[in-house]
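Next come the chains, spelled out residue by residue.
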Amino acid sequence: MNLILLGAPGAGKGTQAKFIAEKYGIPQISTGDMLREAVAKGTELGKIAKEFMSQGKLVPDEIVVGIVKERLKQKDCENGFILDGFPRTIAQAEALDEIMKEMGKKIDAVININVPEEEVVRRIVNRRICRKCGAIYHLLYDPPKKEGICDKCGGELYQRDDDRESVVRERFRVYRRDTEPLIEYYKKKGNLLNVDGSKNIEDVKEKILIMLEEIKA
Ligand code: AMP
């Protein structure tokens, strides 16, 4: 299955993408993760991306489209993939259509996770991530057993630079302006699935998996 996860920052895309990837044995392609990796490594791409990311702005379309195009050509995407955080603009969605056409593939479903802004802010500013294994925690809803330490691997937990409240508000504004129009874009194409993301993680997961089983059938 070739899938896209849409939703505001903090809607739970990363968390749900991991479940879906595991269940269907397909790779999670997170442009945010790939860009953060480039920033951490200090590559040329990383240096450019950092400027945009630290301010809550989008990295230019050409750059992100280039990364995704290369990634989708890799062997592990042959049986499907789940795009998490891409596309984020109409231009990216159109570029993705073009890539799919070139590869003789299609997007089977676009899952849109809806969550109100205030809930999103509450989630993001309390989000902590493991430096080592990438596990995601929430200080209020899903805290680690030991403060600052990952339950799964013992790695150090950190807060993403762009998870501070002022940056989160900016990311939300950018989401409204640039990404929200994609909901209409995919609705018109007829493959949009809406999920209420304000429920707890397990409920959202179950809803999504039921919808995907229906598509597969
Ligand atoms: P995320 O982890 O998906 O919330 O992404 C974190 C940041 O990476 C975003 O705020 C953007 O600065 C950048 N980014 C991730 N995906 C994209 C994309 N598809 N287009 C442009 N910028 C992106």
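One structure accompanies this document, and this report is about it. (Residues numbered from 1 in each chain as written. Predicted model: local features only at pLDDT ≥ 70, side-chain atom pairs only at ≥ 80, totals over all residues. Heavy atoms only, no water.)

## Observations concerning the overall build of the protein
Of the regular secondary structure elements, the protein holds nine helices and eight strands. In terms of overall dimensions, the protein is globule-like: its C-alpha atoms have a radius of gyration of 17 Å, near the 17 Å expected for 217 residues. When the backbone C-alpha atoms are referred to their principal axes, the protein occupies close to 45 × 40 × 35 Å. Every one of the 217 residues in the protein was classed for burial, and the buried ones make up 48%. The contacts in the protein between residues at least 6 apart in sequence include a share of 69% that link residues at least 24 apart. With the model as given, the accessible surface of the protein reaches about 11300 Å², and the carbon-plus-sulfur share is 51%. (Helix = DSSP H or I, 4+ residues; strand = E, 2+ residues; numbered from the N terminus. Rg over C-alpha atoms; globule rule 2.2 N^0.38 Å. Buried < 20%, exposed > 50% of the residue type's maximum accessible area, 1.4 Å probe, protein only. Contact = heavy atoms within 4.5 Å. Areas by Shrake-Rupley, 256 points an atom, 1.4 Å probe, with all protein chains shown as cover.)

## Things to note about the site of the ligand
Near the ligand there are 16 residues, and of these T31, R36, K57, G85 and Q92 occur at the shortest range. In the environment of the ligand, an oxygen atom lies 3.0 Å from a nitrogen or oxygen atom belonging to the side chain of R36. With respect to the ligand, the backbone of G85 contributes an N or O atom lying 2.9 Å from a nitrogen atom. The fraction of the free accessible surface of the ligand (480 Å²) that becomes covered by protein chains is 96%. At four residues, helix α2 (residues 31–41) tops the list of elements feeding residues into the shell around the ligand. Grouping the amino acids of the shell around the ligand by side-chain chemistry returns six nonpolar, four polar and six charged. (Near = heavy atom within 4 Å. Polar contact = N/O pair within 3.5 Å; in protein donor to acceptor, adjacent residues only side chain to side chain. Nonpolar A, V, L, I, M, F, W, Y, C, P; charged D, E, K, R; others polar.)

## Section: the pattern of salt bridges
Evaluated as defined, the whole model comprises 26 salt bridges. A salt bridge links K57 to E170; the nearest nitrogen and oxygen atoms lie 3.0 Å apart. A residue pair is termed long-range when its members are at least 10 positions apart, and K57 in the loop between α3 (44–53) and α4 (61–72) and E170 in helix α7 (residues 165–179) qualify at 113 residues. Overall, the relative accessible area of 37% leaves K57 in the partly exposed class. With relative accessibility at 16%, the residue E170 sits in the buried group. Residue D163 pairs with R160 through a salt bridge whose shortest N-O separation is 3.9 Å. R160 carries the same exposure label as D163, and that label is buried. The network of salt bridges with shared partners includes E117, E118, E165, R169, R176 and E180. (Salt bridge = Lys/Arg side-chain N within 4 Å of Asp/Glu carboxyl O.)

## Structural notes on a nonpolar patch on the surface
Where nonpolar side chains cluster on the molecular surface, the patch consists of L139, L140 and Y141 and spans about 310 Å² of accessible area. Tracing the chain through its elements places Y141 in the loop between β6 (136–138) and β7 (157–158). By relative accessible area, which is 49% here, Y141 ends up partly exposed. (Patch = residues over 30% accessible without salt bridge, like charges linked within 9 Å, V, L, I, M, F, W, Y side chains within 5 Å.)

## Quick notes on helix α9 (residues 201–216)
Counted at 1.5 Å a residue, the expected span for α9 with its 16 residues is 22 Å, and the 22 Å between its end C-alpha atoms agrees. Within α9, the full set of buried residues consists of V204, I208, L209, M211 and L212. Buried residues of α9, seen end-on, are gathered within an arc of 165° and therefore sit on one face of the element. Structural note: α9 exposes K207 and E214 on the side pointing more than 90 degrees away from its buried face. Structurally, α9 contributes buried residues whose contacts are with β1 (2–7), α1 (13–24), β4 (109–114) and β8 (192–196). (Expected span 1.5 Å × (residues − 1). Arc of directions from axis to C-beta.)

## Observations regarding the pairing of β1
Taken across its six residues, β1 has six buried, putting it largely inside the fold. Going residue by residue along β1, you find N2, I4 and L6 tucked away on one face and L3, L5 and G7 tucked away on the opposite face as well. Sheet topology places β1 next to strand β3 (residues 81–84); four bridges connect them, and they run parallel. Considered in β3, the bridge of N2 is made with F81. Strand direction decides the pairing type here: β1 and β4, joined by five bridges, are parallel. (Pairing = 2+ DSSP bridges.)

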